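What follows is the residue order along each chain.
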Amino acid sequence: MNFNLKGLLCCLLLALITFAGVGQDRQIDSIKSVISKAQDDSNKVNSLLLLSKKYFNEEPNEAINVATRARNLAEKIGFKRGEAYALKNIGIGYYMQGKYLETFDYWNQSMVYFDSVGDRQGVANILSNIGSVYFDQGDDANALENYLKSLKISEEIGDKLRIATALGNIGNVYLNKKATLDNIAIFKKQLEI
């Protein structure tokens, strides 16, 4: 009886995974259809960016290819914000492959574009992303520097999501160090007194 229940659960899990994959394929096909019919404008760039996101986890090379198409079109039509997001997505594709030098290169380019169009939320997001790469590499000092810059901008623009993200990331850096953990414990004890 127990074996049959396990078998049934395995079959259900496999069906759910298959259904999710089919759903993802339908979304991709739908976006591709929109792109194939679209004029060369900002809507097409945004559709290409959406499509590139669909490939991040499973096919990062395809995410890079599609985001590069978005970048080229955005550059052609003078859509700077589209270029910024395309560069960000290319960087994410490289990040998913563990290619951190390429990731830094594209995210730094992206930050320049976000800054040039006055998109401070984009700048804060990229700083947070760059901090995460440093954190992944064990470079807590550079991670913290980027997280703090992201926090400052996020506070200035009142972006609560980015503030929470920055604070969480900063907390992770502090949790990563024994000396900091000891200081947190001492501080906590002082609060209890």
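Here's a quick rundown of the structure. Computed from a predicted structure; not experimentally measured.

Turning next to the packing of aromatic side chains. Under the counting rule described, the total for this entry stands at five aromatic pairs. Taken together, a centroid distance of 5.7 Å and an interplanar angle of 15° make the contact between Y94 and Y106 stacked. Here Y94 is found in helix α4 (residues 80-96), whereas its partner Y106 is found in helix α5 (residues 100-116), with 12 residues between them in sequence. Like Y106, Y94 is buried. Ring centres of Y95 and Y100 lie 5.8 Å apart, and the angle between their planes is 45°; this geometry places the pair in the tilted category.

The next thing to look at is the environment of G78. If you trace the backbone, G78 turns up in the loop between α3 (60-77) and α4. For G78, a relative accessible area of 51% translates into the label exposed. Along the primary structure G78 and S42 are separated by 36 residues, whereas in three dimensions their C-alpha atoms are 9.2 Å apart.

It is worth spelling out the side chain of N89 at this point. When you line up the elements, N89 lands in helix α4. The exposure class assigned to N89 is buried, which follows from its relative accessible area of 2%. What N89 contacts, discounting residues up to four positions off in sequence, is L49, S52, K53, F56 and A67.

Running from N to C, helix α2 (residues 42-54) and α4 point in directions that differ by 15°, and their axes come no closer than 10 Å. Here α2 is positioned roughly parallel relative to α4, judged by the angle of their axes. Crossing geometry of α2 relative to α4 is assigned as left-handed. Side by side, α2 and α4 meet where V45, L49, S52 and K53 of the first sit next to G82, Y85, A86 and N89 of the second.

Below, the discussion takes up the packing of α2 against α3. Interaxial distance between α2 and α3 falls to 8 Å at its minimum, and their mutual angle equals 165°. Here α3 runs roughly antiparallel to α2, going by the angle between their axes. Here α2 and α3 pass one another in a crossing that is left-handed. Along the contact surface, α2 presents S42, K44, V45, L48, L49, L51 and S52, while α3 presents A63, V66, A67, R69, A70, L73, A74 and I77.

With that settled, the discussion passes to the side chain of S110. You can see S110 is positioned in helix α5. Here S110 is in contact with A84, L87, K88 and I126, once residues within four sequence places are set aside.

A few words now on the environment of I92. Examined against the element boundaries, I92 turns out to sit in helix α4. Judged by relative accessible area, which is 15%, I92 ranks as buried. Separated by 28 residues in sequence, I92 and I64 have C-alpha atoms that sit 8.2 Å apart. In this structure I92 touches F56 and W107, once residues within four positions along its chain are discounted.

Right, let's talk about the pattern of salt bridges for a bit. Considering all chains together, one arrives at seven salt bridges under this definition. One salt bridge connects K44 with D40, and the closest N-O pair in it is separated by 3.2 Å. The exposure class assigned to K44 is buried, which follows from its relative accessible area of 14%. Here R81 makes a salt bridge to D119, at a shortest N to O gap of 3.6 Å. One end of the pair, R81, is in helix α4; the other, D119, is in the loop between α5 and α6 (120-136), with 38 residues separating them in the sequence. When its relative accessible area of 36% is taken as the criterion, R81 is described as partly exposed. Several salt bridges share partner residues, and in doing so they unite D40, K44 and K76 into one network.

Calculation rules
- Residues numbered from 1 in each chain as written.
- Predicted model: local features only at pLDDT ≥ 70, side-chain atom pairs only at ≥ 80, totals over all residues.
- Heavy atoms only, no water.
- Phe/Tyr/Trp six-rings, centres within 6.5 Å; stacked < 30°, edge-to-face > 60°.
- Helix = DSSP H or I, 4+ residues; strand = E, 2+ residues; numbered from the N terminus.
- Buried < 20%, exposed > 50% of the residue type's maximum accessible area, 1.4 Å probe, protein only.
- Contact = heavy atoms within 4.5 Å.
- Axes fitted to C-alpha atoms, helices over the stretch in contact; angles between N-to-C directions.
- Parallel < 35°, antiparallel > 145°, perpendicular 65-115°, else oblique.
- Left-handed = near helix turned anticlockwise from the far one by under 90°.
- Salt bridge = Lys/Arg side-chain N within 4 Å of Asp/Glu carboxyl O.

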